[in-house]
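What the coordinates show
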Amino acid sequence: MRDQLKALFDEAAAEGLTELDYAADGTPLVAEGESVCGAELDEWPPLTDAELSELAQTLSRPLLADVMELLKYMSGFSVGGDEVGFPLYRDSPFEFFLPDGIILSEDGCGNHWLIEVNRDSGEWRHVWHVSHDPPVMIYQCETLAEYAAAVLDRYRLERIQAGHRSKLDDVDDACMSVCGGNKRFPCAVDARTSEDTIIAQFAENLPDDAWVVDLRNTSFGDGFDWRSLSDEVPVSRVQGELIFGVRRRPGKPRKQGGGWLSKLFGR
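The structure contained in this document is the topic of the report that follows. (Residues numbered from 1 in each chain as written. Predicted model: local features only at pLDDT ≥ 70, side-chain atom pairs only at ≥ 80, totals over all residues. Heavy atoms only, no water.)

Quick look at the side chain of Ser75 now. The topology assignment puts Ser75 in the loop between helix 3 (65-71) and strand 6 (76-79). You can call Ser75 buried: its relative accessible area is 12%. In this structure the side chain of Ser75 is engaged in a polar contact, spanning 2.6 Å, whose partner is the backbone oxygen of Pro45. Leave out the neighbours within four places in its chain, and Ser75 touches Trp44, Pro45, Pro46, Leu47, Gly85 and Phe86. (Helix = DSSP H or I, 4+ residues; strand = E, 2+ residues; numbered from the N terminus. Buried < 20%, exposed > 50% of the residue type's maximum accessible area, 1.4 Å probe, protein only. Polar contact = N/O pair within 3.5 Å; in protein donor to acceptor, adjacent residues only side chain to side chain. Contact = heavy atoms within 4.5 Å.)

Here is the structure:
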């Protein structure tokens, strides 16, 4: 992991990074002959032994060797207006659907990127984008290195001028495509008859009207809408699989306080 990121940063620094402005639709504004400002890539200092121990305790599992190697090399990076920490924020408000997620970055508008820590293996894998408006969760990429590359791609002028776009430039469109789209997923009452035994068995423990969200063959932009979730165990998960059980909020007034919405928005 460390070597991947180091090679990525060395390549980007050698090429040169540029601070760009973006249109409302996320399109980079690159005018012919326009003067541009360089962007600095800063690597953050490594975590101390005490911080590494604290992180392992927070995660309730030992850190894998490749994770330790990375964190002893650097704890994150910044470029232009973007900051990515490993981890930058340790207390995630999204435990109700990503209980093993570590927040890597946020955009200042209530939207976050998280990477999952596998509960069994300790592997850092699967980066998710959690948007609050619209309230959706979408799959960003597979690895930390892929996410770091997407961040840097927003500052690589030559690639942008050649037509390359960062995956981060398409996040808003991906969120809108997922918004309100949970009806495409089967309800638990129907999923119980699935020929897929994992799906069928999982659905047995869900309310009839819960959505069974199977993202095992996911790619960028796949995800679900979380606006109508129940306050009681809103999202459950097949251990070790990208299969989610999304419980709907009942058609009656929600309890005041104590729910996941209260925690998320500080109410």
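Taken together, the side chains of Glu83, Glu106, Asp107, Asp172 and Asp173 make up a negatively charged region of the molecular surface. Turning to its location among the elements, Asp172 is positioned in helix 6 (residues 171-178). (Patch = residues over 30% accessible without salt bridge, like charges linked within 9 Å, V, L, I, M, F, W, Y side chains within 5 Å. Areas by Shrake-Rupley, 256 points an atom, 1.4 Å probe, with all protein chains shown as cover. Salt bridge = Lys/Arg side-chain N within 4 Å of Asp/Glu carboxyl O. Lys, Arg positive; Asp, Glu negative; His and termini not counted. Charge placed at Lys NZ, Arg CZ, Asp CG, Glu CD.)

Looking now at the sheet that holds strand 11 (residues 135-141). Two orientations exist for strands paired in a sheet by backbone hydrogen bonds: parallel and antiparallel. Reading across from one edge, 8-9-10-11-13 is the order of the five strands in this open sheet, with antiparallel pairing throughout. Only two strands of the sheet have a single neighbouring strand rather than two, namely strand 8 (101-106) and strand 13 (223-225). On average, each strand axis in the sheet is tilted by 25 degrees relative to the strand beside it, whichever way the strands run. Relative to strand 11, strand 10 (residues 124-132) is paired through six bridges, and the arrangement is antiparallel. If you follow His132 over to strand 11, its bridge partner there is Pro135. (Pairing = 2+ DSSP bridges. Axes fitted to C-alpha atoms, helices over the stretch in contact; angles between N-to-C directions.)

Per the stated rule, a full pass over the model turns up 18 salt bridges. Across the pair Arg2 and Glu69 runs a salt bridge, and its minimum N-O distance is 3.7 Å. Taken as a pair, Arg2 in helix 1 (residues 2-15) and Glu69 in helix 3 lie far apart in primary sequence, 67 residues in all. The exposure class of Arg2 is partly exposed, given its relative accessible area of 27%. Between Asp170 and Arg165 there is a salt bridge, and its shortest N-O distance comes to 3.0 Å. For Arg165, a relative accessible area of 31% corresponds to the partly exposed category. What emerges from the salt-bridge pattern is a single network uniting Glu11, Glu15, Asp153, Arg156 and Arg159.

Pairing within the open sheet is antiparallel, and its three strands lie in the order 5-6-7. One side of each edge strand has no neighbouring strand; the edge strands of this open sheet are strand 5 (41-43) and strand 7 (82-85). On average, adjacent strands in this sheet sit at an angle of 10 degrees to one another, irrespective of strand direction. Of the pairings in the sheet, the one linking strand 6 to strand 7 comprises four bridges and is antiparallel in character. Residue pairing for strand 7: Val79 is matched across the bridge by Asp82. Set on the sheet, helix 4 (residues 144-153) makes contact with strand 5, strand 6 and strand 7; between it and strand 6 the angle comes to about 15 degrees.

This part is about helix 4. Within helix 4, eight of the 10 residues are buried, leaving the element largely enclosed by the surrounding structure. Along helix 4, the residues that are buried comprise Leu144, Ala145, Tyr147, Ala148, Ala150, Val151, Leu152 and Asp153.

This model, assessed by the stated rule, comprises nine aromatic pairs. Ring geometry for Phe97 against Phe224: centres 6.1 Å apart, planes inclined by 85 degrees, an arrangement best described as edge-to-face. Of this pair, Phe97 sits in the loop between strand 7 and strand 8 while Phe224 sits in strand 13, and the two are 127 residues apart along the sequence. Residue Phe97 is classed as buried on the basis of its relative accessible area, which comes to 2%. With a centroid separation of 5.8 Å and 90 degrees between ring planes, the pair formed by Trp128 and Phe244 is classed as edge-to-face. Here Trp128 is found in strand 10, whereas its partner Phe244 is found in strand 15 (residues 243-246), with 116 residues between them in sequence. An aromatic cluster is built from Phe94, Phe97, Trp128, Tyr139, Phe224, Trp226 and Phe244, whose rings are joined through pairwise contacts. (Phe/Tyr/Trp six-rings, centres within 6.5 Å; stacked < 30°, edge-to-face > 60°.)

Moving on, we get to the nonpolar core. Formed by 45 residues in total, the largest nonpolar core has its most connected members in Leu5, Phe77, Phe86 and Trp124. Tallying contributions element by element places helix 4 first for this core, with seven residues. Residues contacting Phe86, with those up to four places away along its chain left out, are Leu5, Leu47, Leu70, Leu71, Met74, Ser75, Gly76, Phe77, Leu104, Trp124 and Leu144. Listed in part, the 22 residues of the second largest apolar core include Phe94, Val213, Leu215 and Leu229. (Core = buried A, V, L, I, M, F, W, Y, C linked by side-chain atoms within 4.5 Å.)

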